[in-house]
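Architecture at a glance
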Amino acid sequence: MSTVYDVTRWAIPGRPGVTAKHDVGAVINSIIADIKAKQPSQASKPGAVIYIPPGDYSLKTRVVIDISYLQIKGSGHGFASLSIRYNTADTSGWHELNPGASHIKVENTDGHAEAFLVTRGGAPRLSSIQFRDFCIDGVSFTPNQNSYRNGKIGIRIGSDNDALKVAGMGFVYLERALINNGADAFDVTENFIAECGSCVELTGASQASKITNNLIGAGFTGFSIFAENAEGLLVQGNNIFPRGRSMVHLKTSNRCSITGNRFQAFYPGMIDFEGVNKENLIVGNHFRRVPEGFPPLQNFNNGKDDLYGLIHLVGDNNMVSTNIFSFDVPTASITPSGATPTMILVAGGDANFISNNHFATNTTTHHVVLDAGTTRTKVLDSGATEQILAFSTDYALRPTP
Amino acid sequence: MSTVYDVTRWAIPGRPGVTAKHDVGAVINSIIADIKAKQPSQASKPGAVIYIPPGDYSLKTRVVIDISYLQIKGSGHGFASLSIRYNTADTSGWHELNPGASHIKVENTDGHAEAFLVTRGGAPRLSSIQFRDFCIDGVSFTPNQNSYRNGKIGIRIGSDNDALKVAGMGFVYLERALINNGADAFDVTENFIAECGSCVELTGASQASKITNNLIGAGFTGFSIFAENAEGLLVQGNNIFPRGRSMVHLKTSNRCSITGNRFQAFYPGMIDFEGVNKENLIVGNHFRRVPEGFPPLQNFNNGKDDLYGLIHLVGDNNMVSTNIFSFDVPTASITPSGATPTMILVAGGDANFISNNHFATNTTTHHVVLDAGTTRTKVLDSGATEQILAFSTDYALRPTP
Amino acid sequence: MSTVYDVTRWAIPGRPGVTAKHDVGAVINSIIADIKAKQPSQASKPGAVIYIPPGDYSLKTRVVIDISYLQIKGSGHGFASLSIRYNTADTSGWHELNPGASHIKVENTDGHAEAFLVTRGGAPRLSSIQFRDFCIDGVSFTPNQNSYRNGKIGIRIGSDNDALKVAGMGFVYLERALINNGADAFDVTENFIAECGSCVELTGASQASKITNNLIGAGFTGFSIFAENAEGLLVQGNNIFPRGRSMVHLKTSNRCSITGNRFQAFYPGMIDFEGVNKENLIVGNHFRRVPEGFPPLQNFNNGKDDLYGLIHLVGDNNMVSTNIFSFDVPTASITPSGATPTMILVAGGDANFISNNHFATNTTTHHVVLDAGTTRTKVLDSGATEQILAFSTDYALRPTP
C-alpha cells in the first residue's frame with residue numbers, strides 16, 4: 001500500500017478517459033480520496049506525496065485538500081515570462097512559448113477560481129501540507145494580456161492552519177497566486193512568484209510566519225506581499241522586483257520584520273501601511289525607485305503620487321533604520337507636477353523611529369515628511385534639516401552631519 | 001546495484017518479521033550495513049539515499065551512522081502540535097491525533113536515548129551526511145505532557161564532522177531535538193523544530209556553521225539554539241517563537257552573528273551569554289516579550305527575573321545595534337515585584353557597543369543597564385539618559401535626542 | 001513516455017559500452033537528445049528531470065544544455081575536503097578519500113574546460129534550468145594541489161538566461177565552480193562551494209539575482225563571489241570562509257546588497273570594488289580577518305597589503321553601516337611593515353555613507369581612510385577622530401563618543 005502517487009500513473013476509478021494531461025485536478029482529487037480511504041484510523045493519518053513529473057497538465061477541476069501532511073511535489077518551478085511573450089509581435093521563431101517543468105495550466109471548467117483550495121472544518125487545524133517545486137500557470141490575462149486580471153487563484157488556503165509550507169514553487173499569470181487565511185507558522189521560501197496580480201497574501205490573521213529567500217514581483221494593481229492582522233511576520237532576504245501596487249502591504253499588522261530585502265519599484269508606496277500598524281521593523285533593505293521601463297506598461301501605475309512616500313507609515317513605534325534609498329525619476333515624470341518627492345512619509349502615529357538611512361536621489365527630495373497628526377517621531381541621521389519636512393512640532397531631529 | 005533504498009521495501013536479512021512499521025531503526029541499520037558492504041573501496045564510498053515514504057514508523061532501535069554522504073530523506077516534516085492535543089480535554093472528535101508525513105515515532109526499546117546517532121572514530125571526519133524532510137516525534141512527555149522531559153534525543157552527532165546538513169526536518173516532543181558535537185560548516189536550514197525541550201545544540205566546539213531560515217521554538221527548560229565554543233556561527237532569518245529558557249544561548253562563543261531574526265518570548269534571557277563571549281553581532285532582530293499566554297504552562301518559566309535582561313551580555317566587544325524591543329508585560333507580573341525591567345544588561349566585559357535600538361514598552365524600563373565591572377561600553381541612540389542605568393562610570397553615553 | 005530519467009538506467013543508442021560510471025556527460029547529452037526528440041511542439045516543451053543517484057561518475061564529455069526547464073538532480077552535495085586530504089602525508093588508514101553522494105568527477109577528455117555548459121541562441125532566453133543536490137568535483141589541482149589551478153569549470157552558463165536555480169549543490173577542487181554570463185533572477189541558494197579557485201561569478205551583466213543562504217569559500221587567487229555590471233544583486237545570509245582573493249568582488253555594479261553575511265578572511269580586500277560601483281548596501285555583516293592558519297598555504301596570499309582595506313570602496317553613495325570588524329593579525333605579519341592597517345578604504349567617489357560600525361582590533365588601526373579624491377563622505381559613529389584618516393577635506397565626521 002504505497003503512499004507515493006504519480007499523477008501520470010493514476011486512473012480515476014470509473015473515469016478511464018480522464019488523465020493528468022486532460023485534468024490534473026480531477027486526478028489529484030481522486031488520489032486524495034484514495035489516501036483518505038486508506039488512512040481510516042484517527043491515530044494514523046500520515047498523508048502521502050503526490051508527484052507531478054515534468055510535463056504540461058491542464059487543470060479543469062479545482063483540487064480540494066482537506067487532509068494534513070499531504071505533499072504535492074514536482075521537479076521544477078518552470079517559470080517563463082509570459083509578459084515578454086505576449087508583448088512580442090512575432091513569436092513564430094521562438095524555441096518555446098510556455099512555462100514548463102511540472103507545469104499546471106489553470107483552465108478550470110468547474111466554475112471555481114482556484115486551482116488548489118485547502119480547507120477543513122473541525123479540529124485540529126490542517127497541519128504541514130506542502131506545495132513544492134511545480135508550476136501553476138494562469139495561461140493568459142484576457143482580454144488584455146497586460147491587465148493582470150483573469151480571476152484565477154493559484155492556491156487558496158481557506159481555514160486556519162499550522163506549519164504549512166510553500167517552497168520552490170513557480171506562479172505566473174494568475175490574478176492571485178497564493179492566499180493563506182489564518183496562517184500559523186506558515187513558511188513561504190525559495191519560490192519564484194512573478195507576473196501575477198498579487199503574489200503572497202496573508203488574509204484574516206496570521207502569526208509567526210515567514211516569507212524568506214524568494215524572488216517575487218506582482219502586477220501594478222496587486223501586492224507582492226500583503227498581510228492583515230499579522231503578528232510577527234518575518235519578510236527576510238527576498239529579491240522583490242516590479243511591479244506591485246505595493247511590495248509589502250501591512251494592514252493593521254504588528255511586530256513584523258522587513259529586513260535584508262532588495263526592492264525595486266516603479267511607483268511610490270513600496271512599503272504601504274494601511275490602518276494602524278505598530279512596532280514593525282524595517283531594516284537593512286535596498287529601496288530602488290525608477291520609472292516604468294517596459295513600454296507596454298508605461299501607461300499603468302498604482303495611482304499614488306510622489307508625495308505618498310516610498311515608505312508610507314501609519315502607526316506607532318515602527319522602526320525604519322539603516323536602509324538605502326535610490327530614487328532616479330526624471331523631473332517630468334514626478335506627480336504632482338513640480339512636487340518634491342517624499343521618501344518616507346509618516347502619515348500618522350506616535351513614537352516612530354527613523355534613523356541612519358542613506359538617500360541617493362537624482363533630484364531634490366524630502367527624505368522624511370511628518371504629517372500634522374504625528375507625535376514624538378525621532379528622525380536621526382537621515383538627512384539634512386532641509387530634507388526633513390515636518391507639519392508637526394512634536395518630533396526630535398538630529399540632522400546628518 | 002542501486003544506491004537508492006526505501007525503508008518500506010527492505011527486508012532485514014534473517015529477520016523477516018521486522019518491517020519499517022515495527023522498527024524503522026533496525027531497518028535503517030540493516031540498510032547501512034548493506035551500503036557499507038557494497039562500497040568496500042577506500043577510493044569510492046559515495047554513500048546512498050534512504051527514502052522514508054509518508055507513513056507512521058516506530059523506531060525501537062537506535063540508528064548508528066558511521067559513513068559519509070548518507071542522505072536520509074522523507075516527504076515532509078509532518079509537524080503537528082502535540083501540546084495542543086495533550087492539553088485538550090476531549091479529542092475524540094478530532095480528524096487526527098498525531099504528527100504525520102514521513103513520521104518516525106521514537107520508541108526505543110534498546111536502552112538508548114537517541115533515535116539517530118552519528119559517530120565515527122579515525123580520519124577523516126564524517127562529511128556531508130544529510131537529514132531531510134522527515135519527522136522525528138518523541139510521542140509524549142511522561143508523566144507530565146507539559147514537562148518537556150522524556151529523555152529522548154532526535155539526532156545526536158557525536159564525533160567531529162564537516163559539511164553536514166539538516167534541512168526541511170520536523171522535530172516534536174523530544175527532550176533534545178538536534179545535537180552536534182564538533183561541527184564544521186554545519187547547515188541547519190528550513191526546519192520546523194518546535195515543542196521540544198531543546199531544539200538545536202552545538203556542543204563541544206564548532207566553526208563556520210549556520211542556522212538559517214528555520215521555524216524554532218523550545219520548552220521552558222531548554223534552548224531554542226545553544227552554542228558553546230562556537231566560532232563564526234551565523235543565526236540568520238529565523239522565526240523563533242516561545243518558549244525556550246533562552247532563544248539563543250552562547251557559551252564562551254566568539255564572532256557569531258544573530259541577525260535578521262524574529263524572536264518572541266515569555267521570559268527574560270532571550271539572548272543569554274554564559275561565560276565570556278566576544279565580538280558577537282546582534283543586529284536587525286525583533287525582540288518581543290509578553291507573558292505566557294497558554295494556561296497549562298502559566299506556572300512555568302525559566303527562573304530568571306526581569307532584571308536579567310531580554311539580552312544578557314557577558315564579554316567584550318559585542319555589538320547590539322538596530323534592533324527593536326517590544327515589551328508588554330503587566331506590572332503585576334514583573335519580578336522582582338516593583339522592579340524596573342531591564343531590556344539589555346551588560347553584566348560584564350569591555351568595549352561592548354550598543355547603538356541605534358528602539359524600545360516600545362508598556363511600562364517604564366531600563367533600556368540598558370551596565371553592571372559595576374563593565375568597562376568602556378558605548379551606549380548610543382538607545383534611550384534617554386534616565387533609561388540608561390550605569391553602575392560603572394567607565395562608559396560613553398549619547399542619549400537618543 | 002516518461003520525463004523522469006536516471007543516468008544509471010540510460011543506454012546511449014549505438015554506444016552500449018558507455019555507462020554513467022564511464023562518462024556521465026555522454027549519458028546526459030544522450031538523454032537531452034531524447035528529451036528534445038520527444039517535445040517537438042513549440043507550445044509544449046516542459047523539459048524533464050535527470051536523476052543522478054548516489055555513486056561515483058566520471059565526466060569525460062562536456063554536457064551541453066540548450067533546453068529550458070531541465071532539472072538535473074542528485075541526492076546530496078557530497079563535499080569532502082580534498083585540501084586536507086592532499087596535505088596529509090599518509091592517508092592509507094583513512095575511511096575514504098574522495099567526495100561522494102551523487103558525485104561527478106570532472107575528467108574531460110574532449111578538450112573542453114566545462115563539465116556543464118548552458119547556452120542557446122535565439123529567443124526566448126533559456127529559463128528555469130535547475131541544478132540540485134549533486135557534487136561536481138575537479139578531482140585534483142595539478143601539479144600543485146594547493147594551486148587552485150586545473151582549468152576546470154563546473155557549470156558555465158554562456159547565454160542570457162532567466163530564473164535559473166542552483167541549489168543544494170556541492171563544488172570542490174574546480175578552478176571555477178559556477179559562472180553565469182547574463183543572468184536575470186538567478187537563484188543560488190543552499191549550496192556548499194569550497195576549495196575552488198573561484199566560486200560564484202556573475203559575468204557580463206545581471207539583474208535581480210540572489211546568492212543567499214550558502215556556505216562558500218574560494219582560493220587565494222579567485223573570488224568567493226564576483227559580479228560585474230550587476231544591478232540589484234542580493235548577497236544575503238551566507239557564511240563565507242577563507243580564502244578568496246576577495247569574498248565579494250563588485251565590478252561596475254550598482255545597487256547590490258551585501259547584508260547579514262559572516263565573512264572570515266586571511267587577506268585584505270574582503271569586499272573589493274573594481275571600477276565605479278554605486279549605491280551598494282553593506283549592512284549587518286561580520287568581518288573577521290586573521291592570518292592564514294593552514295601551514296601549506298601560509299606562503300600564499302592575494303597580493304594586497306594592509307593599507308588596501310578589509311573593505312575597499314570605489315564609487316558613489318555606497319552605504320557601509322552596522323557591521324562589526326574583528327581584526328587580529330600579529331604586528332609582524334602586517335604589510336607594509338610598520339603600517340597602520342586600514343579597515344575601510346574609500347579609494348574614490350562621492351557621498352559614500354559609513355556609519356555605526358564597530359571595530360575590535362589587536363593593534364592600532366585606521367577604521368576609515370578617505371583617499372584624496374573622495375568627496376562628501378559621511379563618517380558617523382565609526383571610530384574616534386584619530387581612527388579616521390582623511391587625505392581629503394571634503395567629508396563630514398562624527399566620531400564615536
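On a predicted model such as this, the values are computed, not experimentally measured, just so you know. (Residues numbered from 1 in each chain as written. Chains lettered and ligands numbered in written order. Predicted model: local features only at pLDDT ≥ 70, side-chain atom pairs only at ≥ 80, totals over all residues. Heavy atoms only, no water.)

Quick notes on the interface of chain B and chain C
Contact with chain B, which involves 60 residues of that partner, is made by 55 residues of chain C. Counting the surface lost from both chain B and chain C, the interface buries some 4,400 Å², and carbon and sulfur atoms represent 51% of this. The interface formed by chain B and chain C includes six salt bridges. Across the pair Arg398(B) and Asp381(C) runs a salt bridge whose closest N-O atoms are separated by 2.7 Å. Here the side of chain B that touches chain C is built from residues that sort into 20 nonpolar, 25 polar and 15 charged. (Contact = heavy atoms within 4.5 Å. Buried area = accessible area lost by both parts, 1.4 Å probe. Salt bridge = Lys/Arg side-chain N within 4 Å of Asp/Glu carboxyl O. Nonpolar A, V, L, I, M, F, W, Y, C, P; charged D, E, K, R; others polar.)

What to know about the environment of Thr342(B)
All names here are of chain B. One can find Thr342 in strand β34 (residues 342–348). Along the chain, Thr342 and Gly237 lie 105 residues apart, while their C-alpha atoms are 25 Å from each other. Beyond its immediate sequence surroundings of up to four residues, Thr342 is in contact with Asp306, Leu307, Gly309, Leu310, His366 and Val369. (Helix = DSSP H or I, 4+ residues; strand = E, 2+ residues; numbered from the N terminus.)

Thoughts on the relation of the copies chain A and chain B
To go from the first copy of the chain to the second, apply a rotation about an axis and then a shift along the same axis. When chain A is brought onto chain B, the operation consists of a screw motion whose angular component is 120 degrees and whose axial shift is 0.0 Å, with 0.0 Å RMSD remaining. Overall, the copies show the geometry of a three-fold rotation axis. Looking at chain A, a mere 12% of its interface residues are interface residues in chain B too, so the copies touch through different faces. (Least-squares fit on C-alpha atoms with pLDDT ≥ 70 in both.)

Description of the domain arrangement of chain A
All names here are of chain A. Here chain A is partitioned into domain 1 (1–135 + 147–196) and domain 2 (200–401). With centres defined by C-alpha atoms, the gap from domain 1 to domain 2 works out at 33 Å. Between domain 1 and domain 2, the contact holds 25 residues from the first and 27 residues from the second. Across the interface of domain 1 and domain 2, roughly 2,100 Å² is buried in total on both sides, 45% from carbon and sulfur atoms. Broken down residue by residue, the surface that domain 1 buries against domain 2 is led by Tyr148, Val188 and Ile193, which jointly contribute 24%. At the boundary of domain 1 with domain 2, the tally comes to two salt bridges. Put simply, Asp187 and Lys210 hold a salt bridge, and the shortest N to O gap is 2.8 Å. At the junction of domain 1 and domain 2, the tally comes to 28 residue pairs in polar contact (both at pLDDT 80 or more). (Domains from an automatic or database assignment. Polar contact = N/O pair within 3.5 Å; in protein donor to acceptor, adjacent residues only side chain to side chain.)

Here's the deal with the pairing of strand β5 (residues 71–74) of chain C
Looking down a regular strand, the side chains alternate between one sheet face and the other. Residue and element names in this part refer to chain C. Side chains Gln71 and Lys73 project from β5 onto one buried face, and the interleaved Ile72 and Gly74 project onto a second face that is buried too. As judged from the four bridges shared by strand β2 (residues 49–52) and β5, these two strands associate in the parallel manner. When the bridges of β5 are listed, Ile52 appears paired with Gly74. (Buried < 20%, exposed > 50% of the residue type's maximum accessible area, 1.4 Å probe, protein only. Pairing = 2+ DSSP bridges.)

Remarks on the relation of the copies chain B and chain C
With an RMSD of 0.0 Å, the fit of chain B onto chain C corresponds to turning through 120 degrees and sliding 0.0 Å along the axis. Comparing interface residues between copies, only 12% of those in chain B also lie at the interface in chain C; the contact surfaces differ.

Considerations on the pattern of salt bridges
In the structure shown here, the tally under the stated rule is 79 salt bridges over all chains. A salt bridge links Lys165(A) to Asp187(A), with the shortest nitrogen-to-oxygen separation between them at 3.9 Å. Residue Lys165(A) is found in strand β13 (residues 165–167), and its partner Asp187(A) is found in strand β16 (residues 187–189); the two are separated by 22 residues along the sequence. Among the residues examined, Asp187(A) registers a relative accessible area of 3% and is labelled buried. For Asp272(B), the salt bridge is made with Lys304(B), and the minimal N-O distance between the two is 4.0 Å.

Things to note about the state of the cysteines
Residues and elements named next belong to chain B. The tally for this structure, following the rule as stated, stands at zero disulfides over all chains. Unpaired in this structure, Cys199 has its nearest cysteine sulfur neighbour in Cys196, at a distance of 5.3 Å. With relative accessibility at 0%, the residue Cys199 sits in the buried group. (Disulfide = S-S within 2.5 Å.)

Comments concerning the sheet that holds strand β3 (residues 55–59) of chain A
Residues and elements named next belong to chain A. Strand order in the open sheet formed by 11 strands is β3-β6-β10-β14-β17-β20-β24-β27-β30-β33-β36, with parallel pairing between adjacent strands. At either end of the open sheet lies a strand with only one pairing partner, and these are β3 and β36 (358–361). Two strands pair when backbone bridges link them, and strand β30 (residues 286–289) and strand β33 (residues 324–327) are joined in this way by four bridges, in the parallel orientation. Within the sheet, the bridge partner assigned to Arg289 lies in β33 and is Phe327. Most of the contacts of helix α1 (residues 20–38) go to β3, to which it runs at about 55 degrees, and overall it touches β3 and β6 (102–106). (Axes fitted to C-alpha atoms, helices over the stretch in contact; angles between N-to-C directions.)

Details of unusual backbone geometry
Excluding glycine, residues mostly have negative phi values, and the peptide bonds linking residues are mostly trans. Cis geometry is adopted by the peptide bond preceding Arg243(B), which originates at Pro242(B) and carries an omega value of 5 degrees. Mapping Arg243(B) onto the fold places it in the loop between β24 (239–240) and β25 (246–251). Here Thr335(C) and Pro336(C) are connected by a cis peptide whose omega angle stands at -10 degrees. Mapped onto the fold, Pro336(C) is located in the loop between β33 (324–327) and β34 (342–348). One non-glycine residue, Asp381(A), adopts positive backbone phi at about 50 degrees. Inspection of the secondary structure assignment puts Asp381(A) in the loop between β38 (377–380) and β39 (388–390). The buried category is assigned to Asp381(A), whose relative accessible area is 4%. One non-glycine residue, Ser128(B), adopts positive backbone phi at about 55 degrees.

Observations concerning the interface of chain A and chain B
Taken together, the 60 residues of chain A in the interface contact 55 residues of chain B. Each partner contributes to the roughly 4,400 Å² buried at the junction of chain A and chain B, and carbon and sulfur atoms together form 51% of this total. Counting the contacts that link chain A with chain B gives six salt bridges. In this structure, the salt-bridge partner of Arg132(A) is Asp133(B), at a minimum N-O distance of 3.1 Å. Viewed at the interface, chain B and chain A are joined by 32 residue pairs in polar contact (both at pLDDT 80 or more). Grouping the amino acids of the side of chain A that touches chain B by side-chain chemistry returns 20 nonpolar, 25 polar and 15 charged.

Focus on the sheet that holds β33(C)
Residue and element names in this part refer to chain C. Pairing in this open sheet of 11 strands is parallel, and the strands run β3-β6-β10-β14-β17-β20-β24-β27-β30-β33-β36 from one edge to the other. For this open sheet the edge positions go to β3 (55–59) and β36 (358–361), each flanked by a neighbour on one side alone. Bridging between strand β27 (residues 262–265) and strand β30 (residues 286–289) involves four bridges; their strand directions are parallel. When the sheet's bridge partners are listed, Ala265 is paired in β30 with Arg289. Running over the sheet, helix α1 (residues 20–38) touches β3 and β6 (102–106) and is turned about 55 degrees from β3.

A word on the side chain of Asn98(A)
Residues and elements named next belong to chain A. Inspection of the secondary structure puts Asn98 in the loop between α2 (82–86) and β6. Looking at Asn98, the relative accessible area reads 18%, which means it is buried. There is a polar contact of 2.7 Å between the side chain of Asn98 and the side chain of Arg85.

So, the packing of aromatic side chains
Tallied over the full model, the rule gives 45 aromatic pairs over all chains. When the centroid spacing of 4.8 Å and the interplanar angle of 10 degrees are considered together, the rings of Phe325(A) and Phe359(A) count as stacked. Placement of the pair is Phe325(A) in strand β33 and Phe359(A) in strand β36, with a sequence separation of 34 residues. There is no split in this pair, since Phe325(A) and Phe359(A) are both buried. For the pair Tyr86(C) and Tyr173(C), a centre-to-centre distance of 5.6 Å together with 35 degrees between the ring planes defines the contact as tilted. Remark: Tyr173(C) occurs in the loop between β14 (170–172) and β15 (176–184) and Tyr86(C) occurs in helix α2 (residues 82–86); sequence separation between them is 87 residues. Judged by its relative accessible area of 24%, Tyr86(C) is partly exposed. (Phe/Tyr/Trp six-rings, centres within 6.5 Å; stacked < 30°, edge-to-face > 60°.)

Considering the pairing of strand β20 (residues 215–218) of chain A
All names here are of chain A. Judged by which residues are buried, β20 turns out to be covered on both faces: Leu215 and Gly217 on one side and Ile216 and Ala218 on the other are all buried. Inspection of the sheet shows β20 paired to strand β24 (residues 239–240) by two bridges, in the parallel sense. Looking at β24, one finds that Leu215 is bridged to Asn239.

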